[in-house]
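Here is how the chains run, residue by residue.
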Amino acid sequence: MSLLNRRGFLLLNRLAPRDRRALLMGLGILLPVGAYVLGVKPYRSALEDVRDRVQAERELLARELELLEAGPDMPEKMRAVQAEAEVHEDRLVRAASGVLAEAALTGLLEASALQSRVLLEEIRGGELGRGESAPPGLAVVRLHLRGESDLEGVLNFLDRLEKSPLLLRIRGLALEPETARAESDGDGERGPSLPTGVVEFQLIVDGFARVEEYGS
């Protein structure tokens, strides 16, 4: 028996039976916990790290294999994506400043109104409301319109805006039929108001421009 073991044995013999049992029970609890903390836990942590690295390598390999399989079709796909991007770019307002952007959008709205037999009485610029924000990378060109026409003219005007070559968004629309009082009868009383066929409208239209091209 080694000197360390002999001293430990003598120390246990000096303890009261109750203390010796308590010490042995404590060692019985601490030894498995220590073995787990010093041995099992680091091993499991290292094993999980290896599993994570293997999973990441598998995902990377899968993406690379997909790229290799799509290699022959990649140029055609790139051309299709480029063509689609150019189509979206062509639908943005192209202007060097905010004033020119509003002028360009105003010209489009006036042309659409003329083709739809709509009289535009007012066009003015507007700001985004509280809580509103422009899409990432874009600036909003907002215009407030007020005009009148018959119902067919207003609907044609809205249809032209929807089919516009520029990307437009209608943020608000209000319609109000115009009425007129009927002529008075022999007793001097006027009849009920009658529709005139004219519809007054108010409209908020948003266009979009690239931030790098859109100045203040």
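This one's a predicted model, so the numbers in the text were calculated from it and none came from an experiment.

Asks: Just to check I follow, could you spell out the overall build of the protein chain for this structure?
Replies: Helix and strand counts for the protein chain come out as five helices and four strands. Helices (α) and strands (β) of the protein chain occur, in sequence order from the N terminus, as α-α-α-α-β-β-α-β-β. When burial is assessed residue by residue, the protein chain has 20% of its 216 residues classed as buried. Here the contacts in the protein chain between residues at least 6 apart in sequence split such that 69% fall between residues at least 24 apart. By element, 57% of the accessible surface of the protein chain is carried by carbon and sulfur atoms, the whole surface being about 16,000 Å².

Asks: Can you help me understand the side chain of S97 in this one?
Replies: Summarising the element assignment, S97 is placed in the loop between α3 (74–90) and α4 (98–115). In terms of polar contacts, S97 uses its side chain to reach the backbone amide nitrogen of L100, at 3.3 Å.

Asks: What is the right way to read the nonpolar core from this model?
Replies: In globular proteins that are soluble, nonpolar side chains generally tend to be buried together. Counting residues in each nonpolar core, the largest one holds 23 residues, and the members touching the most others are L105, L145, F157 and L203. Of all elements in the fold, only α4, β2 (138–149), α5 (151–162) and β4 (193–210) reach the threshold of two or more residues within this core. Look past the residues within four positions of L145 in its chain and what remains in contact with it is L109, L120, E122, I123, F157, F201, Q202, L203 and V205.

Asks: I'm lost on unusual backbone geometry in this one. Help?
Replies: With glycine set apart, most residues show a phi of negative sign, and most peptide bonds adopt trans. Positive phi values are uncommon outside glycine, yet R117 reaches one of about 60°. Inspection of the secondary structure assignment puts R117 in the loop between α4 and β1 (119–126).

Asks: How should the environment of A101 be read in this particular structure?
Replies: Counting through the fold element by element, A101 comes out in helix α4. On the basis of relative accessibility, which here comes to 0%, the residue A101 falls in the buried class. Linking A101 and V141, residues 40 residues apart in sequence, is a C-alpha distance of 6.9 Å.

Asks: What is the right way to look at a nonpolar patch on the surface in this model?
Replies: Nonpolar side chains collect at one region of the surface, where L151, L155, I170, L173 and L175 lie side by side and expose about 450 Å² of accessible area between them. Residue contributions to the nonpolar patch peak at three residues, all from strand β3 (residues 169–181). Summarising the element assignment, L175 is placed in strand β3.

Asks: Whenever I open this one, the side chain of R142 confuses me. Can you help?
Replies: In this structure, R142 sits in strand β2. In terms of polar contacts, R142 uses its side chain to reach the side chain of E132, at 3.0 Å. Among the polar contacts made by the side chain of R142, one reaches the side chain of D206 at a distance of 2.8 Å. For R142, the contacting residues outside a window of four places in its chain are E102, R124, G125, G126, E127, L128, G129, E132, R171, I204, V205 and D206.

Asks: What exactly am I supposed to notice about the pattern of salt bridges here?
Replies: Where side chains of opposite charge bring their charged atoms close, a pairing between them can arise. A full pass over the atoms with the stated rule returns nine salt bridges. Among the salt bridges present, the one from E132 reaches R142, with a minimum N-O distance of 3.0 Å. Separated by 10 residues along the polypeptide, E132 in the loop between β1 and β2 and R142 in strand β2 bring together distant segments of the chain. Accessibility expressed as a relative area gives 6% for R142, which makes it buried. Measuring nitrogen to oxygen at the nearest pair gives 2.7 Å for the salt bridge that ties E132 to R171. With E132 in the loop between β1 and β2 and R171 in strand β3, this pair connects stretches of sequence that are 39 residues apart. Residue R171 is classed as partly exposed on the basis of its relative accessible area of 43%. Salt bridges sharing partners connect three or more residues here, namely E132, R142, R169, R171 and D206.

What counts as what
Residues numbered from 1 in each chain as written. Predicted model: local features only at pLDDT ≥ 70, side-chain atom pairs only at ≥ 80, totals over all residues. Heavy atoms only, no water. Helix = DSSP H or I, 4+ residues; strand = E, 2+ residues; numbered from the N terminus. Buried < 20%, exposed > 50% of the residue type's maximum accessible area, 1.4 Å probe, protein only. Contact = heavy atoms within 4.5 Å. Areas by Shrake-Rupley, 256 points an atom, 1.4 Å probe, with all protein chains shown as cover. Polar contact = N/O pair within 3.5 Å; in protein donor to acceptor, adjacent residues only side chain to side chain. Core = buried A, V, L, I, M, F, W, Y, C linked by side-chain atoms within 4.5 Å. Patch = residues over 30% accessible without salt bridge, like charges linked within 9 Å, V, L, I, M, F, W, Y side chains within 5 Å. Salt bridge = Lys/Arg side-chain N within 4 Å of Asp/Glu carboxyl O.

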